[in-house]
Amino acid sequence: MITAEDFAKEVLNRHSVFQDESKLDLDYTPDKLPHREDELKKLLWMFKSLIQRPGSSAPVALVYSSSGTGKTSLAKVLGKLLTSQANKRGVSLRYVHINCKFVYTMSSLVDQIALKAIDGFSVRGAGPDQVFRAMYHRLREHNRYLLLTLDEVDWFINRTGEDVIQQLHRYREELEEPKRLAILFITRIENIGKTPQLKRSTTNRTFAANILELEAYEGDELKDILAQRVELAFKDGVIDSEVVGFIADQSRRYGDAYYAIELLWKAGRYSDSREDLKVTPEHVRMAKASCDPSVRRDDLNSLTTDEKLLLLGIAQVSKDRAYISQKEANSEYLSCCEIYRWRPVSGGELLDHLHVLERVGFIHLDRSNGEATRISIPDIPVTILAENLRQIVVRAVRDEDSDQK
Ligand SMILES: Nc1ncnc2c1ncn2[C@@H]1O[C@H](COP(=O)(O)OP(=O)(O)O)[C@@H](O)[C@H]1O
Ligand SMILES: [Mg+2]
């Protein structure tokens, strides 16, 4: 009979192509970003006054590009560099990075900024204006400066309708000298010009010369980015450079490093699951079947559990259909709730969730057909979407259950 100990030994001793899989996580940011050196220099140039002449000016900048082109990583590297340089010069600078995709209201956004900017800051039910003022007061007390990155700010604007750029602009105007708050806003290129708050004329006025667009990566650049990850995450000799080139070729059409790294990671996983010694082109092909650049796990994770279940329902019925009715979406949502043991929300609330899914770009609502609204998913392969969502929903329901206990 196989004992639990034998089983544990077998699992632990099993061969893996990975040396350190965590280096492939989206949250991991390498210290060096190949092919983003010039962009980093430009950003340093924009923010240098923050440490050269602290208090004289606090710049605001905007970075935009398509998904997976290094916006988040670049901001984090910039934050690290500037804080270490500031410390060397005796300037107290704190870097705060907030992914606005995971924040649902203006007041919770301001609370999060304050909590990260000032240790032990107490919010106690105050409104955003008061919290902001109190935070600024504390910054002054500590003689501290803040570089704030508001990442995925377009997502927040689309979800909430709040013009956070103007709101923070107003706060900054209200602040007395010295200026302590520099801000880097990050958005996806698709929403520049499309979202009213991100119209070219508005952004040009707000940011003037401090606007930086990142180009999508070329095939060779992706190959270098992948080679860096292979070195960090895999054991020596388990991936030939031809396979790395193959992955770069598969992702060059999108110029998306997130997709390239996801393919690399999944190919490694397939190799491990078949107990192979190396990662082969066939593992890459298998990985490709379950990934798509339009399906980013962190986008899906940012939805509430009800939004996840509703989107899963819509994706499931849309497998053989171009358009579905709202009634069908609702009833599929209810059966998903039953399967995953989740208490469903009422029709009115569900409609709000449907509108959020439209605003952040997962679904399209066609209202031209008289009274009935038709729902479609035009841009995302629904099989891959549903497969990813099922895993995410299981985790979300389990986590919320244990939170409630
Ligand atoms: N130049 C680069 N060098 C190394 N890794 C990179 C580079 N650009 C992006 N990445 C990696 O690709 C993934 C996506 O990058 P990210 O910064 O999240 O892009 P974006 O914010 O534009 O969607 C992350 O895992 C990131 O570490
Ligand atoms: Mg990002």
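Look a little higher up for the structure.
Residues numbered from 1 in each chain as written. Chains lettered and ligands numbered in written order. Predicted model: local features only at pLDDT ≥ 70, side-chain atom pairs only at ≥ 80, totals over all residues. Heavy atoms only, no water.

## A short note on the overall build of the protein
Looking only at helices and strands, one finds 18 helices and eight strands in the protein. Radius of gyration (C-alpha) of the protein: 23 Å, near the 22 Å computed for a compact globule of 405 residues. Projected onto its principal axes, the C-alpha coordinates of the protein cover approximately 70 × 60 × 45 Å. Counting only residues that meet the buried cut, the protein has 50% of its 405 residues in that class. Within the protein, counting contacts between residues at least 6 apart in sequence, those at least 24 apart form 75% of the total. (Helix = DSSP H or I, 4+ residues; strand = E, 2+ residues; numbered from the N terminus. Rg over C-alpha atoms; globule rule 2.2 N^0.38 Å. Buried < 20%, exposed > 50% of the residue type's maximum accessible area, 1.4 Å probe, protein only. Contact = heavy atoms within 4.5 Å.)

## A word on the sheet that holds strand β6 (residues 324-325)
Reading across the sheet, the three strands line up as β6-β8-β7 and stay open at both edges, with antiparallel pairing between neighbours. Every other strand in the sheet has two partners, leaving β6 and β7 (364-366) as the edge strands with one partner each. When β7 meets strand β8 (residues 374-376), the two strands line up antiparallel, connected through three bridges. Residue pairing for β8: His-364 is matched across the bridge by Ser-376. (Pairing = 2+ DSSP bridges.)

## Re the environment of Leu-43
By the element assignment, Leu-43 lies in helix α2 (residues 37-47). Owing to a relative accessible area of 1%, Leu-43 belongs among the buried residues under this scheme. Each C-alpha atom, one on Leu-43 and one on Ala-75, is 8.7 Å from the other, the two residues being 32 residues apart in sequence. Leu-43 has contacts with Val-63, Leu-74, Leu-78, Leu-184 and Leu-212, leaving out every residue within four places of it along the chain.

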